[in-house]
Amino acid sequence: WFCVKVVREYERAVIFRLGRILSGRARGPGLFFYLPCLDKCHKVDFRLKTFEVPFHQIVTKDLVTLDIDVICYYRLENACQFLTSVSNISSAFQLLVQTTTKRLLAHRAFLDILLERKSIGEEVKVALDAATCHWGIKVERTEIKDVKLPEEVKQSIAVEAEAQRHAKVKVIAAEGEKTVSEYIKLAAEKLSGSPTAIQLRYLHTLQCMTSEKPSTFVLPLPF
């Protein structure tokens with residue numbers, strides 16, 4: 001029974017015989033045989049794994065320093081290549097993600113990083129996959145989880161947003177004044193052709209004033 005090994009559906013076993021990998025692919029899933037005295041068996045997990053790179057600083061194209069947090073989803077693709085290529089996957093993968101994100105985001109502006117996270121994640125994923133394919137690892141997805149902004153950047157964004165809101169309000173008010181002035185001009189042109197209409201409009205205005213303030217008496221003079 002010591003010559004029998006069983007691996008699950010999501011596992012594979014790589015056998016080293018006298019220090020050399022046995023020819024062929026990794027064993028599994030299911031039952032296989034090996035020689036305990038000559039062989040050494042290593043199991044690897046082929047399920048999807050997540051790796052979170054802690055906050056690290058980057059400098060954008062417009063010289064803004066940001067702290068970003070990146071999450072990578074990866075799985076093993078070649079068990080034999082993985083065991084013979086990487087000794088410490090966590091350290092190697094973390095350094096690779098940090099250097100890759102710094103290199104790619106250095107060519108993007110600050111606002112592009114905030115607004116285009118999906119496309120940036122896809123770009124980082126392609127760059128990582130090109131490097132990890134030699135380790136027997138397949139990168140499935142990469143996302144920027146969070147971005148920390150310096151206080152001075154937050155203040156400048158708040159000031160800029162407030163200025164944009166004030167400018168928008170002024171533009172809307174100016175457009176309203178323009179529309180009102182156009183209608184007043186049309187009304188004046190129509191009233192100018194009829195003195196009786198002008199007199200009636202004048203009396204109607206006085207009636208509105210006295211209805212709003214009943215205690216006020218207005219004596220209309222000849223118009």
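Rules used throughout
Residues numbered from 1 in each chain as written. Predicted model: local features only at pLDDT ≥ 70, side-chain atom pairs only at ≥ 80, totals over all residues. Heavy atoms only, no water. Helix = DSSP H or I, 4+ residues; strand = E, 2+ residues; numbered from the N terminus. Rg over C-alpha atoms; globule rule 2.2 N^0.38 Å. Areas by Shrake-Rupley, 256 points an atom, 1.4 Å probe, with all protein chains shown as cover. Lys, Arg positive; Asp, Glu negative; His and termini not counted. Charge placed at Lys NZ, Arg CZ, Asp CG, Glu CD. Expected span 1.5 Å × (residues − 1). Buried < 20%, exposed > 50% of the residue type's maximum accessible area, 1.4 Å probe, protein only. Contact = heavy atoms within 4.5 Å. Domains from an automatic or database assignment. Salt bridge = Lys/Arg side-chain N within 4 Å of Asp/Glu carboxyl O. Phe/Tyr/Trp six-rings, centres within 6.5 Å; stacked < 30°, edge-to-face > 60°. Lys NZ or Arg CZ within 6 Å of the ring centre and 35° of its normal.

## Here's the deal with the overall build of the chain
No. 1: For the chain, the helix and strand inventory stands at six helices and eight strands.
No. 2: In the chain, the succession of α and β elements from N to C terminus is β-β-β-β-β-β-β-α-α-α-α-β-α-α.
No. 3: Whereas a compact globule of 223 residues would reach a radius of gyration of roughly 17 Å, the chain reaches 37 Å, over 25% beyond that.
No. 4: By principal-axis analysis of the C-alpha atoms, the chain measures approximately 125 × 40 × 35 Å.
No. 5: For the chain, the computed accessible surface area is about 15500 Å², with 59% contributed by carbon and sulfur atoms.
No. 6: Between the centroid of the 32 positive side chains of the chain and the centroid of its 26 negative side chains there is a distance of 8 Å.

## Things to note about helix H2 (residues 89-105)
No. 1: Given a rise of 1.5 Å per residue, 17 residues ought to cover 24 Å, and the 24 Å separating the end C-alpha atoms of H2 matches this to within 8%.
No. 2: Buried residues of H2: Ile89, Phe93, Leu96, Val97, Gln98, Thr100, Thr101, Leu104 and Leu105, and no others.
No. 3: Contact partners of the buried residues in H2: strand E6 (49-59), strand E7 (65-76), helix H1 (79-85), helix H3 (110-115), helix H4 (117-132) and strand E8 (137-148).

## Remarks on the domain arrangement of the chain
No. 1: Here the chain is partitioned into domain 1 (4-44), domain 2 (48-149) and domain 3 (155-207).
No. 2: A C-alpha centroid distance of 55 Å is found between domain 2 and domain 3.

## Overview of the side chain of lysine 125
No. 1: Position of lysine 125 relative to the elements: it lies in helix H4.
No. 2: Buried lysine 125, no salt bridge; nearest opposite-charge side chain is glutamate 122, N-O distance 4.4 Å.
No. 3: When sequence neighbours within four positions are dropped, the list of residues in contact with lysine 125 reads Val139, Glu140, Arg141 and Thr142.

## Some thoughts on the pattern of salt bridges
No. 1: Within this structure, the stated rule accounts for ten salt bridges.
No. 2: A salt bridge links arginine 47 to aspartate 45, with the shortest nitrogen-to-oxygen separation between them at 2.8 Å.
No. 3: Looking at arginine 47, the relative accessible area reads 43%, which means it is partly exposed.
No. 4: Through salt bridges with shared partners, a single network forms among Arg108, Glu116 and Glu123.

## Details of the packing of aromatic side chains
No. 1: Scanning the model with the defined rule gives two aromatic pairs in all.
No. 2: Aromatic side chains phenylalanine 51 and phenylalanine 93 sit 5.4 Å apart centroid to centroid with 90° between the ring planes, which places their arrangement in the edge-to-face category. In this pair, phenylalanine 51 sits in strand E6 while phenylalanine 93 sits in helix H2, placing the two residues 42 residues apart along the sequence.
No. 3: Ring plane angle 40° and centroid distance 5.0 Å describe the contact between tyrosine 74 and phenylalanine 93, whose orientation is recorded as tilted. Taken together, the positions of tyrosine 74 in strand E7 and phenylalanine 93 in helix H2 put the pair 19 residues apart, joining distant regions of the chain. Across this residue pair, the class does not change: tyrosine 74 and phenylalanine 93 are buried.
No. 4: Connected via pairs of aromatic rings, a cluster forms that spans Phe51, Tyr74 and Phe93.
No. 5: Here arginine 12 stacks its cationic end above the ring of phenylalanine 46, 5.3 Å away from the centre of that ring.
No. 6: We note lysine 148 situated over the ring of phenylalanine 55; from NZ or CZ to the ring centre the distance is 4.3 Å.

## Here's the deal with unusual backbone geometry
No. 1: The phi dihedral of leucine 18 falls on the positive side, at around 55°, and the residue is not glycine.
No. 2: Within the fold, leucine 18 resides in the loop between strand E2 (11-17) and strand E3 (20-21).
No. 3: Among the residues examined, leucine 18 registers a relative accessible area of 67% and is labelled exposed.
No. 4: For leucine 63, which is not a glycine, the phi torsion comes out positive at approximately 60°.
No. 5: Of note, leucine 63 is situated in the loop between E6 and E7.

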